[in-house]
Amino acid sequence: MKTSERPLRIFFSGIAGSGVSAIATFMADKGNVIVGSDRVFDKDILHPLKKVFQFRGITIVPQDGSGLNDTFDFAVFSTAVESDQPEILKAGALGIPIKKRPDYLAEITASFHTIAVAGTSGKSTTAGLLAFLMSRLGLNPNFISGGRVKQFKSSSNPGNCLTGDSDYLIIEACESDGTIVNYKPQHSIILNLSLDHNPIEKTAGKFKIFMENTSDKIILNADDRNLSRKYPSPLPRHESIPTSPAGGEGLSMSPSTKGNGMCVYLSQRAEGLSIFPSASVENPYKSPPLMGGVGEGDLITFSIHNPSQYKAEAITYKSLSTEFSLHGTRFSLSLPGQHNLYNALSCIAFLSEIGIKLNDIVEILSEFQGIDRRFDIHLNDGKRLVIDDYAHNPHKIVSLMKTVQKLSERVCYIFQPHGFGPTRLMKKEYIEAFTKNLCDSDHLILLPIYFAGGTASRDISSYDLAEGIKAGGKSVEVVEKREDILKRLHEYQTYVIFGARDETLSDFANEMAERLSRISQN
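Residues numbered from 1 in each chain as written. Predicted model: local features only at pLDDT ≥ 70, side-chain atom pairs only at ≥ 80, totals over all residues. Heavy atoms only, no water.

Caption draft 1: A look at the overall build of the chain. A tally of regular secondary structure across the chain gives 16 helices and 25 strands. For the chain, the residues scored as buried account for 55% of the 522 residues in total. Within the chain, counting contacts between residues at least 6 apart in sequence, those at least 24 apart form 68% of the total. As displayed, the chain has an accessible area near 21,200 Å², and 49% of this comes from carbon and sulfur atoms. (Helix = DSSP H or I, 4+ residues; strand = E, 2+ residues; numbered from the N terminus. Buried < 20%, exposed > 50% of the residue type's maximum accessible area, 1.4 Å probe, protein only. Contact = heavy atoms within 4.5 Å. Areas by Shrake-Rupley, 256 points an atom, 1.4 Å probe, with all protein chains shown as cover.)

Okay, structure coming up:
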């Protein structure tokens, strides 16, 4: 990636953030001079990420504006940095061009053969898995993500970026702030569509533009109900269509041949895929543009239940892993749960479409160890279990709970809602997710809503969620101080801690694991 005739001087404000840290490290690797600041470093001068940056040659300064001067080419700001903060004000006063993190990422992608991973859940795991597979396959990809791949982490790499010598760049395309519409990738992967930071209809509109901006492969989940309603999929071209597909949840298909060379299959299932326009007879390897004029690239589908080009068969969900077959090849994935199977299928589909053989993928898929704070097991001694996870929207939470249910019959879930705005938006769905998925023997502890700063209206609390969940007949309470939970570790043997962005949740899970280990030894 050639940025200029000389190294750029770039200032990053909020550099410790998951997305900003990846870009800053990546640009440092490309030979640019990087200076950054973050409030977490001001509070903790021994923060481990600060050491990683310094090892990489990145200079860290206080987040008070003192590190900014007119020698910088531009300044990149995390979306979490408020507009009235000293560094934004000083950059404006000095005439330094100001760029928001997602806008700058969109600029970077223009220089690469970009593969953008989208979806309201699973982006980090999928992007990380794809980067891992492509790296092990010798494709030498570049990678910028929010999630930290465990096998990429080192004393000089936070784990959320790779600097390769190919033209490939793998990124997460986040829909939460609307900037997903600015990406123009060669290939895109869309995992799912559910309520998260925005209403589903609003997110669907962003996905539509994102797909229109994709010039080549569009890899789409054919099982996702909301995606299927918005973007009907083509028939698979790698396998014949069964009249009663295994695991199709009552899906029945009846073929109807049209005179225009298109075959349309009508589903009688009330929810999910309704109409699948197939590839044309003249060119069976080229999918037609998506309905509604979305996209000109090849539409490739993957699935577990519905027909698709890449449909998993003979699935075995184990407690901490998954086995499945695809086109006659048997795979093993060292991650549990159906949601991770979807993530893996999307990666396999993309790699197959660019010419990688399934046998080459199967040899390395099982080696992937996952992403930090995605089903991280802090303790598993055969009796006690402590898991830490990033789940924070209803879809992620349901996936997490269904996976945990295969491991333990009596669970204490500890959830920290993220942000007042998201909690307000998803209140009804949160209550529904917990009411439907908490077993009678389970217990839910809600921590106070995580607040990273800003001017959000604090007109909702964890007590509002607890009230609705309790009305649904489930066991729930709000605990204000984490220390109070540590005094009650004798009550359960399985604890699941989850919530977004707050890195101290992982520390809390680790402390719980250490205390439970001592209890077990006594």
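Caption draft 2: Region of interest: the nonpolar core. One finds Ile 10, Phe 12, Ile 15, Ile 34, Tyr 104, Ile 108 and Ile 144 to be the most contacted residues of the largest nonpolar core, which totals 45 residues. A per-element tally of this core places helix 1 (residues 18–29) first, with seven residues. Apart from residues no more than four positions distant in its own chain, Ile 144 is found in contact with Ala 22, Ile 23, Phe 26, Leu 105, Ile 108, Asn 160, Leu 169, Ile 170, Ile 171 and Glu 172. (Core = buried A, V, L, I, M, F, W, Y, C linked by side-chain atoms within 4.5 Å.)

Caption draft 3: Focus on the pairing of strand 19 (residues 329–333). Side chains of strand 19 alternate between two faces, with Thr 329, Phe 331 and Leu 333 buried and Arg 330 and Ser 332 left unburied. Following strand 18 (residues 322–326), the chain reverses through two residues before pairing antiparallel with strand 19; His 327 in that reversal takes a positive phi of roughly 50°. (Pairing = 2+ DSSP bridges.)

Caption draft 4: Spatial organisation of the environment of Ser 475. For Ser 475, the position within the fold is in the loop between helix 14 (462–471) and strand 24 (476–478). Note: C-alpha distance between Ser 475 and Cys 439 (36 residues apart in sequence) is 9.1 Å. Those residues in contact with Ser 475 that sit more than four places away from it in its chain are Leu 438, Asp 442, His 443 and Leu 444.

Caption draft 5: Molecular detail of the packing of helix 13 (residues 427–437) against helix 14. Put simply, helix 13 and helix 14 touch, their axes get as near as 9 Å, and they point 45° apart. Compared by their axis directions, helix 13 and helix 14 come out oblique. Taken as a pair, helix 13 and helix 14 cross one another with a handedness that is right-handed. Here Lys 427, Tyr 430, Ile 431, Phe 434 and Thr 435 of helix 13 lie close against helix 14, whose contacting residues are Asp 464, Leu 465, Gly 468 and Ile 469. (Axes fitted to C-alpha atoms, helices over the stretch in contact; angles between N-to-C directions. Parallel < 35°, antiparallel > 145°, perpendicular 65-115°, else oblique. Left-handed = near helix turned anticlockwise from the far one by under 90°.)

Caption draft 6: Quick look at the packing of aromatic side chains. With the rule as written, the count across this model stands at 16 aromatic pairs. Ring centres of Phe 415 and Phe 434 lie 5.7 Å apart, and the angle between their planes is 50°; on these two criteria the pair is classed as tilted. Taken as a pair, Phe 415 in strand 22 (residues 412–415) and Phe 434 in helix 13 lie far apart in primary sequence, 19 residues in all. Take Phe 434: its relative accessible area is 0%, and that puts it in the buried class. (Phe/Tyr/Trp six-rings, centres within 6.5 Å; stacked < 30°, edge-to-face > 60°.)

Caption draft 7: Summary view of the sheet that holds strand 19. Pairing within the open sheet is antiparallel, and its three strands lie in the order 17-18-19. The open sheet is flanked by strand 17 (313–317) and strand 19, the only strands paired with a single partner. Strand-to-strand twist across the sheet, computed as the mean angle between neighbouring axes with direction ignored, equals 15°. Two elements, strand 17 and strand 18, share three bridges in a ladder whose sense is antiparallel. Bridge pairing in strand 18 places Thr 316 opposite Glu 323.

Caption draft 8: Highlighting the pattern of salt bridges. A full pass over the atoms with the stated rule returns 25 salt bridges. For Arg 482, the salt bridge identified is with Asp 502, shortest N-O distance 2.9 Å. Of this pair, Arg 482 sits in helix 15 (residues 482–486) while Asp 502 sits in the loop between strand 25 (494–498) and helix 16 (504–521), placing them 20 residues apart in sequence. Across the pair, Asp 502 and Arg 482 agree in class, each one buried. For Glu 511, the salt bridge is made with Arg 515, and the minimal N-O distance between the two is 3.1 Å. Here Arg 515 and Glu 511 lie together in helix 16, a separation of four residues that amounts to about one turn. Counted as one network, the salt bridges with shared partners bring together Arg 148, Lys 153, Asp 372 and Glu 503. (Salt bridge = Lys/Arg side-chain N within 4 Å of Asp/Glu carboxyl O.)

Caption draft 9: Broad picture of the sheet that holds strand 5 (residues 98–100). Read across the sheet, five strands follow the order 3-2-1-4-5 without closing on themselves; strand pairing throughout is parallel. Of all the strands in the sheet, just strand 3 (59–60) and strand 5 have a single pairing partner and so form its edges. Looking at chain direction, strand 2 (residues 33–37) and strand 3 are connected through two bridges and run parallel. By the bridge assignment, Val 35 is partnered in strand 3 with Thr 59. Strand contacts of helix 1: strand 1 (9–13) and strand 2, with the helix running at about 165° to strand 1, the strand carrying the most contacts. Seen against the sheet, helix 5 (residues 101–109) touches strand 1, strand 4 (74–77) and strand 5 and runs at an angle of roughly 90° to strand 5.

Caption draft 10: Representation of the side chain of Thr 126 in the model. Within the secondary structure, Thr 126 sits in helix 6 (residues 123–136). Under the relative-accessibility criterion, Thr 126 is labelled buried at 0%. Within the structure, the side chain of Thr 126 is placed 2.9 Å from the backbone oxygen of Gly 122, a separation counted as a polar contact. Not counting residues within four places of it along the chain, the set of residues in contact with Thr 126 comprises Val 117, Leu 191, Asn 343, Ser 346 and Cys 347. (Polar contact = N/O pair within 3.5 Å; in protein donor to acceptor, adjacent residues only side chain to side chain.)

Caption draft 11: Looking closely at the pairing of strand 15 (residues 299–303). Among the five residues of strand 15, five are classified as buried, and the element is accordingly described as predominantly covered. Burial along strand 15 is two-sided: Leu 299, Thr 301 and Ser 303 and Ile 300 and Phe 302, pointing in opposite directions, are all buried. Of the strand pairs in this sheet, strand 11 (residues 218–221) and strand 15 are connected by four bridges, and their pairing is parallel. Across the sheet, residue Leu 220 finds its bridge partner in strand 15, namely Thr 301. Both strand 15 and strand 16 (residues 310–311) contribute to a ladder of two bridges, which runs parallel. For Phe 302, the partnering residue across the bridge sits in strand 16 and is Tyr 310.

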